[in-house]
Amino acid sequence: MSVSHKVGTMKSKQAPNVNSHQKAAVAKGVKAIGKKKDEEEGLDTAEGEEWMQGKTLVKPPDQLDLTEAELNEEITRVLKASNPNAPQNVVRYSFKEGCYKPIVFVDQMAIHFELEGNLVHKESDEGRRLMAKQAEVDDGGGVERPDNVAIKAAKREQKLTNQFNFNERASQTLNNTPRDISCQTEPPPRANFSATANQWEIYDFYVEELQRREKSKEKHEGQFLNKEEDKSKKKMIQAETQNDDISQLAKVVKIIERMVNQNIFDDVAQDFMYFEDASDEFRGEKGTLLPLWTFQYDKAKSLSVTALCWNHKYNDLFAVGLGSHEFTQQGGGMLLFYTLKNPSYPEFIFNTASGVMCLDIHEHLSYLVAVGLYDGCVAVYNLKKKTDQPIYNSRASSGKHTSAVMQVKWQKDDLDSNHNFISVSADGRLVSWTLVKHELVFTEIIKLPVIDTIPDDLKDVIPTVGTSLDFHKQKDYSFLVGTEHGKIHKGSKYYSSKFLEKYDAHFMNVTRVKWNPFHPDVFISCGWDWMVKIWDQTMKSPVFTFELKTSVTDVAWAPYSSTVFAAVTTDGKVHVFDLNINKYEALCQQKVVSKKTKLFNIEFNPVHPIIIVGDDRGHVTSLKLSPNLRKKPKVESEVLNVHFQMSLHISLV
Amino acid sequence: GADDTEEKTQTIDPKHIFPPQHTDMPEEMRVETMELCVTACEKFATNNESAAKMIKESMDKKFGSSWHVVIGEGFGFEITHEVKNLLYMFFGGGLAVCVWKCS
């Protein structure tokens, strides 16, 4: 009924302690409460202050500030069980007595706090109902309560009724049998170690260490390093020499070969350099040819020399083309390069499928060699490359000559800086070949005119065989072509339809036509009709004519004089003329090869006073010109020309 | 004994040399471990236990678990260690440090 109040001194600062009972306790008698109160009193007075002291003092902001004296003043409060708020003079009307009577017994219970609980006894009806509801809710949760079994049974009954729409089915997949696997990696290896750590051990160790360090400092100064370096260097050198052995050997062998050759042909070499025939003084005008080396190659025995060419850059190197002049005896061919330094073996050897008829070495790029073959092919060889094959070959291209290529000549590079050369062949065509990247591109320049004696219907079939070709030294576009019929045609690269001039040169095959290297109008020609003729291009008839008793196969101007030229004939003789000295006779007519050997080619060396001649046995003979033959005019070349003109006029007159 | 210690301090300057008396660690590991030991011993010059503790914990972190460290001036030992994980060195003229790994 009433909340017990504490009787005893209380300090006003404390927050009131509220003992609230939540249960709605059944009201008991006041006496009972009184007893409680008494008990509580006793307890409180004893323990109250201590219990209160444990708490921290919190001062509310609106607290009264009292002085110390006032604070210490004891205020006595008496706590009663009676409710101070309860009315003390309640009066009730009593119907029995008919008047108002005061009620003595007033309810003293003051309810400070009331809270209605919501606990329901399990056994009561309401409790059961609640539990049933809860069980329904908890069905999904899966927490089983023994009370709920009955409820669930009721639910299942409800589900079964739906059997028509729903069907329960269960299956179990195969569970693999569990297996225990254990693995133990190899533990890291272990080792035992034992030692003692004492002061003297430590000391000893330090002493040793110091000594070791001092020693190592001395050693480190260079010695070890040097040794190591040397070893490594030696290894390097050894390795290198092993690799380069063979290639170095080749070079060395070459030098030795040349040395040996020089020793063998020592006298020849001496003659080549120093010998000047003293007897020339006594001979008057005549001169002689001193034979020097003979170049021959074993495998070329059956072939005859068809072309010769000196290399402009390396004055001791010359090219020999080997093939056959006979129509019936055609086999393979060869291209050989000899050097004067090694007369016994060629420097370069190239085999060709058919006989080489002509060759030309490029003036500036001395490694490019153009070759014309008997089967009409033209090929270009690159001496720098190690291969045996030509770098360009006109085999496959369609512009190939249908007949033997008689002469090839390199031209200046065209506008695209491609190298090109011109060839004349027995099929009567002049074709220009351009070296474009990896192939030869041909451009037809002109076709040789057919002679009149051939009937009209055969004109297209029977070509005019061109046998020789030469380009003017200064005027590059002007050229001369000699034909089989003895005519010489002068043409120009700019006119592709017609020739500019025609000269009736010889009765038979024109074997060679050559412009004079100094005089712009003069050219020489030779042919099988035993004649050598010198022409001025402005005049229809030759200026000089020489008869040499046999077919003349080749003629060449000397590079040092405008009036010197040499010719070779089929009787093995070399004829050297100097028009400045003798206009009618050769200064030298010398047989240089053995009997029945025909000479086919002659070439002057651009620098040295020697000539090479090729014969039909595949041999090349080099000859030195005696001083009488080498007389250089003491005037400049222009004056030379005038000189020549003068001599011409004299002859005409 | 005492004589030895006196001689030692006069003739040699042991504080600058820290060669390992015995070790089978790889080069990198050895250098690192030695530096660590030196640092620890210098730091805890008076307290061997804390020096050893520092070394052991650092080694555990860097190179894997179960390192053992013994620091002292006079002791004998026989240990089983994992191959390539032992360092036995001297420090400061009077301290011996033995570090090894064994799980």
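What you see is a predicted model, and the numbers here were worked out from it, not measured in a lab.

Before going further, it helps to examine the UniProt feature "repeat: WD" (unreviewed entry) in chain A. Following the UniProt record, one finds the feature "repeat: WD" (unreviewed entry) at residues 503-536 of chain A. For residues 503-536 of chain A, the end-to-end C-alpha separation is 11 Å, with 0% helix and 59% strand making up the annotated structure.

Residues and elements named next belong to chain A. With respect to the secondary-structure elements, Pro609 resides in the loop between strand E29 (599-604) and strand E30 (610-615). By relative accessible area, which is 21% here, Pro609 ends up partly exposed. With 17 residues separating them along the chain, Pro609 and Ser626 place their C-alpha atoms 8.3 Å apart. Pro609 has contacts with Leu623, Lys624, Leu625 and Arg630, leaving out every residue within four places of it along the chain.

A positive phi angle, near 70 degrees, is found at A:Lys549, a position not held by glycine. Relative to the assigned elements, A:Lys549 resides in the loop between strand E24 (544-547) and strand E25 (552-557). For B:Lys84, which is not glycine, the phi torsion reads 70 degrees and is therefore positive. Here B:Lys84 lies in the loop between strand E3 (75-82) and strand E4 (86-91).

As a further point, take the confidence of the model for chain B. All names here are of chain B. In this model, chain B carries an average pLDDT of 81, and 83% of its residues clear a pLDDT of 70 or more. Low confidence marks residues 1-12, where pLDDT is under 50. Its contacts with residues over four positions away, or in another chain, come to eleven contacts. What the predictor reports for the complex is a pTM of 0.52 with an ipTM of 0.74.

At the interface, 22 residues of chain A touch 34 residues of chain B. For the pair chain A and chain B, the two sides together bury roughly 2,600 Å², of which 63% comes from carbon and sulfur. Looking at the side of chain A facing chain B, the largest losses of area belong to A:Phe193, A:Tyr203 and A:Tyr206, adding up to 29% of the total buried there. When residues of the side of chain A that touches chain B are traced back to their parent elements, those giving at least two are strand E3 (190-197) and helix H5 (199-219) of chain A. The biggest single contributor to the side of chain A that touches chain B is H5(A), with eleven residues.

Residues and elements named next belong to chain B. An ideal rise of 1.5 Å per residue puts 24 Å on 17 residues; helix H2 (residues 27-43) measures up with 24 Å between its terminal C-alpha atoms. Burial in H2 covers these residues: Met29, Thr33, Met34, Leu36, Cys37, Val38, Ala40 and Cys41. Looking at the buried positions of H2, the neighbouring elements they touch are strand E1 (20-23), helix H3 (48-63), strand E2 (67-72), E4 and strand E5 (95-101).

Take the pairing of strand E2 (residues 99-102) of chain A next. All names here are of chain A. Inspection of the sheet shows strand E1 (residues 91-94) paired to E2 by four bridges, in the antiparallel sense. Pairing of Ser94 across the sheet is with Cys99, part of E2. The loop that links E1 with its antiparallel partner E2 comprises four residues; one of these, Gly98, has a positive phi angle of about 80 degrees.

A full pass over the atoms with the stated rule returns 33 aromatic pairs over all chains. With a centroid separation of 5.8 Å and 65 degrees between ring planes, the pair formed by A:Phe193 and B:Tyr88 is classed as edge-to-face. Of the two residues, A:Phe193 sits in strand E3 while B:Tyr88 sits in strand E4, which places them in two different chains. According to the relative accessible area criterion, B:Tyr88 is buried, its value standing at 1%. Both rings, one in A:Trp515 and one in A:Phe523, keep their centres 5.5 Å apart while their planes meet at 70 degrees; by these two values the pair is edge-to-face. The class of A:Trp515 is buried, set by a relative accessible area of 1%. Joined through ring pairs, the aromatic side chains of A:Phe193, A:Phe205, B:Phe75, B:Phe77, B:Tyr88 and B:Phe90 make up one cluster. The ring of A:Phe507 has A:Lys533 sitting right over it, with the charged end atom 5.9 Å from the ring centre.

Quick notes on the rules
- Residues numbered from 1 in each chain as written.
- Chains lettered and ligands numbered in written order.
- Predicted model: local features only at pLDDT ≥ 70, side-chain atom pairs only at ≥ 80, totals over all residues.
- Heavy atoms only, no water.
- UniProt positions renumbered as here; feature names shortened; annotations may be inferred.
- Helix = DSSP H or I, 4+ residues; strand = E, 2+ residues; numbered from the N terminus.
- Buried < 20%, exposed > 50% of the residue type's maximum accessible area, 1.4 Å probe, protein only.
- Contact = heavy atoms within 4.5 Å.
- pLDDT = per-residue confidence, 0-100.
- Buried area = accessible area lost by both parts, 1.4 Å probe.
- Expected span 1.5 Å × (residues − 1).
- Pairing = 2+ DSSP bridges.
- Phe/Tyr/Trp six-rings, centres within 6.5 Å; stacked < 30°, edge-to-face > 60°.
- Lys NZ or Arg CZ within 6 Å of the ring centre and 35° of its normal.

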